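# Fold and contact review
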Amino acid sequence: MIRAMKRTFVLGTLLVVGALSITAAQQAQTKQVIDVQKVSDNYYVLTSSTPGNDATFSGGNVGVFITGNGVVLVDTKLAGWGQTFLDRVKSITTKPVTMIINTHTHADHTGNDDKFGTSVEIVAQENTKANMAKMDAFKGDKAVFLPKKTFKDTMTIGGGKEQINLYYFGAGHTNGDAMIYFPALRVLQTGDLFARKDAPRIDRANGGSGVAYPQTLSKAVATFKNVDTVVPGHSPLMKWSDLQEYQRYTADLLNEVQTARRAGKNADAAAASINLTDKYKGYTSEGLKLAVQAIYDELNAR
Ligand SMILES: [Zn+2]
């Protein structure tokens, strides 16, 4: 909300100044950008997924997997980007979307589940379905777009070159985060369990856990043997070693928080004292304060 107001103000200033060449129409067009990244002949990623720039942030990375029967989407970005999103999918393939897999409940991953008709099969981990049912976007008439197919720990869809494996490893970002593995492609979509190289967002209201986080990721790291490409929730494509490193980061974060808490520091003092970016090159700390607070809240509630 604050961001939207700021944008309106900036736009107003531009119009008053009048000397700049960016018009409102051009700004609107800028907003319609979703980039397409080809990973293989039958798998693409729709990007423009890094938060921070309201004009281009369209929601999380989307996987577009083309099978003989139709298109499987993993996540569906933010509502309001529906038409652009549909256009991008059509620019890749003329096949219809037949299945949507949601990695988790958040609106920047489920925002266009309702744009592909009611015959599309929607799939999610069972806790994610329960979390989605609490969202206004899936109430009333829209309840038809809640996942009909759910799983608890693992599920396999399709076979051979078109096989998709879904896994739930435990609480982390939420209590229903699925990782989606395409064995023939050696591609793993992590959802927001690994969103970017920063402290994780821990959504306790949806069952997320900073205490379980490192364990959950270590199960993932122990499970997959053949991954070349990691598709994080909100940043450019990464490698398998980046996910392994992220697991270590979350373990170090939890350790540091527990140490600071035992030393009698409050959450703010703990956050101020924790520095992981020297050890973890290329990491930022934008989410650190919130993550530390969430871990404190969780430990204090025990
Ligand atoms: Zn999320």
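Notes on the structure follow. Everything quoted here is computed from the prediction, not taken from an experiment.

### Here we look at the pairing of strand β2 (residues 43-46)
Side chains Y43 and V45 project from β2 onto one buried face, and the interleaved Y44 and L46 project onto a second face that is buried too. Bridge count for strand β1 (residues 36-40) against β2 is four bridges, and the pairing is antiparallel. By the bridge assignment for β2, S40 is matched with Y43. Counted between consecutive antiparallel strands, the loop separating β1 from β2 contains two residues.

### Examining the environment of K95
Counting through the fold element by element, K95 comes out in the loop between α3 (82-92) and β5 (97-101). Taking the relative accessible area as the measure of exposure, K95 reaches 35% and is therefore partly exposed. The spacing of K95 and N69 is 26 residues in sequence and 8.0 Å in space, taken between C-alpha atoms. If we skip the residues at most four places from it in the chain, K95 touches I66, T67, G68, G70 and V71.

### Considering the packing of aromatic side chains
Following the criterion strictly, the structure yields 14 aromatic pairs and no others. Consider the rings of F85 and F116, whose centres lie 5.7 Å apart with planes at 90°: the pair is edge-to-face. With F85 in helix α3 and F116 in the loop between α4 (107-110) and β6 (121-125), the pair connects residues that are 31 residues apart, well separated along the chain. Looking at F85, the relative accessible area reads 0%, which means it is buried.

### Some remarks on the nonpolar core
Counting 39 residues, the largest nonpolar core has M179, L188, F224, Y249, L253 and V292 as its most contacted members. Counting only elements with at least two residues in this core, the list comes to β10 (178-182), α6 (213-223), α7 (240-262), α8 (267-273) and α9 (288-300). Top element by residues in this core is α7. It accounts for eight residues. If near-sequence neighbours (up to four positions away) are discounted, Y249 is found in contact with D198, A199, P200, L276, Y280, Y283, T284 and L288. The next biggest cluster of nonpolar side chains, apart from the first, holds 23 residues, and it includes V64, W81, L86 and V97.

Rules used throughout
Residues numbered from 1 in each chain as written. Predicted model: local features only at pLDDT ≥ 70, side-chain atom pairs only at ≥ 80, totals over all residues. Heavy atoms only, no water. Buried < 20%, exposed > 50% of the residue type's maximum accessible area, 1.4 Å probe, protein only. Helix = DSSP H or I, 4+ residues; strand = E, 2+ residues; numbered from the N terminus. Pairing = 2+ DSSP bridges. Contact = heavy atoms within 4.5 Å. Phe/Tyr/Trp six-rings, centres within 6.5 Å; stacked < 30°, edge-to-face > 60°. Core = buried A, V, L, I, M, F, W, Y, C linked by side-chain atoms within 4.5 Å.

Note that every value here comes from positions in space, so none of it alone points to a role or purpose.
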